[in-house]
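Listed below are the residues making up each chain.
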Amino acid sequence: MARMPVIAGNWKMHKTVEEARALAQAVRDGAAGVSHCRVVMAPPFTALFPVAEILRNTPVILAAQNVHWEPEGAFTGEISLPMLEEIGCGMAIVGHSERRQYFGETDATVNRRVRAILQSSLQPVICIGETLEEREAERHYDIITQQLAGGLDGLTRQSLLRIILAYEPVWAIGTGRTATPETAQEMHAFIRNRLSGMFGEGAQEVRILYGGSVKPENIAALMRQPDVDGALVGGACLEADSFLSIIHYNA
Ligand code: PEP
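Source: prediction; values computed, not measured. (Residues numbered from 1 in each chain as written. Predicted model: local features only at pLDDT ≥ 70, side-chain atom pairs only at ≥ 80, totals over all residues. Heavy atoms only, no water.)

In this section: helix 5 (residues 107–118). The end-to-end C-alpha distance of helix 5 is 16 Å, a good match for the 16 Å that twelve residues give at a rise of 1.5 Å each. A large share of helix 5 lies buried, amounting to nine of its twelve residues. Among all positions of helix 5, only Asp107, Thr109, Val110, Asn111, Arg113, Val114, Ala116, Ile117 and Leu118 are buried. The secondary structure elements touched by the buried residues of helix 5 are helix 3 (81–86), strand 4 (91–94), helix 4 (97–102), strand 5 (123–128), helix 7 (140–151) and helix 8 (157–160). (Helix = DSSP H or I, 4+ residues; strand = E, 2+ residues; numbered from the N terminus. Expected span 1.5 Å × (residues − 1). Buried < 20%, exposed > 50% of the residue type's maximum accessible area, 1.4 Å probe, protein only. Contact = heavy atoms within 4.5 Å.)

This paragraph deals with the site of the ligand. Taken together, 14 residues lie near the ligand, and Lys12, His96, Glu168, Gly174 and Ser213 sit nearest. Between an oxygen atom of the ligand and a side-chain N or O atom of Glu168, the distance comes to 2.7 Å. A distance of 2.8 Å is found between an oxygen atom of the ligand and a backbone nitrogen or oxygen belonging to Gly235. The fraction of the free accessible surface of the ligand (290 Å²) that becomes covered by protein chains is 96%. Residue classes in the shell around the ligand are distributed as four nonpolar, eight polar and two charged. (Near = heavy atom within 4 Å. Polar contact = N/O pair within 3.5 Å; in protein donor to acceptor, adjacent residues only side chain to side chain. Areas by Shrake-Rupley, 256 points an atom, 1.4 Å probe, with all protein chains shown as cover. Nonpolar A, V, L, I, M, F, W, Y, C, P; charged D, E, K, R; others polar.)

As enumerated under the stated definition, the model contains eleven salt bridges in all. For the salt bridge of Asp153 with Arg115, the shortest nitrogen-to-oxygen distance reads 3.8 Å. Highlighted residues: Asp153 in the loop between helix 7 and helix 8 and Arg115 in helix 5, separated in sequence by 38 residues. Taking the relative accessible area as the measure of exposure, Arg115 reaches 38% and is therefore partly exposed. The salt bridge partner of Arg192 is Asp229, with a shortest N-O separation of 2.8 Å. Taken together, the residues span a long stretch of sequence, with Arg192 in helix 9 (residues 181–199) and Asp229 in the loop between helix 10 (219–223) and strand 8 (230–233) at a distance of 37 residues. In this structure, Arg192 and Asp229 share a single accessibility class: buried. One salt-bridge network, in which partners are shared between bridges, spans Arg3, Arg192, Asp227 and Asp229. (Salt bridge = Lys/Arg side-chain N within 4 Å of Asp/Glu carboxyl O.)

Tracing the backbone through its elements, the reader meets Pro50 in helix 2 (residues 45–55). Residue Pro50 is classed as buried on the basis of its relative accessible area of 9%. Note: C-alpha distance between Pro50 and Glu18 (32 residues apart in sequence) is 9.1 Å. The residues touching Pro50, leaving out its near neighbours within four places in the chain, are Val17 and Arg21.

Here we come to the side chain of Asp227. You can see Asp227 is positioned in the loop between helix 10 and strand 8. Using a relative accessible area of 13% as the deciding quantity, one classes Asp227 as buried. Within the structure, Asp227 has its side chain in polar contact with the side chain of Gln185 (distance 2.8 Å). Excluding its chain neighbours within four sequence positions, the residues that come into contact with Asp227 are Arg3, Gln185, His188, Ala189, Arg192 and Ile208.

This part takes up the pairing of strand 1 (residues 6–10). Within strand 1, five of the five residues are buried, which leaves it mostly tucked inside the rest of the structure. Judged by which residues are buried, strand 1 turns out to be covered on both faces: Val6, Ala8 and Asn10 on one side and Ile7 and Gly9 on the other are all buried. Note that strand 1 and strand 2 (residues 38–42) share five bridges and pair parallel. Its bridge partner being in strand 2, Val6 is matched across the sheet by Arg38. (Pairing = 2+ DSSP bridges.)

A separate point is the side chain of Ser213. With respect to the helices, strands and loops of the structure, Ser213 is situated in the loop between strand 7 (207–211) and helix 10. Judged by relative accessible area, which is 15%, Ser213 ranks as buried.

Below you can see the structure in the form of structure tokens.
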């Protein structure tokens, strides 16, 4: 079965509500009629609800940048799955390298979030990727193997079909240094192979997105790789024009 590509924008800690409304409207309108890929936008928490209203009854999917595994409780600063479900969120990003680097996210906490998301109506977008130091020490395959084993621990073959992975080499995030299409393909094929080893044939249906300085200029070459099923875009999703050029990579 062909894998429907996903182009997702991670707004990180950018955009006030007013700015978010303008960006979401422009992307929604510019992506109207797009059928070659699914478009996803992940605004910061304060903008989720206003953006949800703008995206209602459109094919554009709203995503959160993180989510806690408990449905409610004394978890200051966190947000829950029922809260995201209520406003129509369809996906949640987990394990972004910035969460791992600055906020103590580990494969074990990624796994708790993933398991909770799979009990909800949302889909997890699970980020994995090695640092520059790890790649230079030629440990990148080991690191990815470890992140997959930890993050996907306990998942069933059935639930595998609901996850989306994002390979984001940390050395390419926000640095302007994109992995070459060949380097991305090599790792994506490795990831799919690991998934086959862990879960069997369902691995062929899992979408694996590439993230790390994706821009209008490099998206088409990345998308031509057989195991690259879309992109998780940071900086270039903050302006409607550049995000729309990425969405229309096939034009
Ligand atoms: C990201 O943070 O997920 C990302 C890929 O950022 P950028 O596109 O800015 O490198």
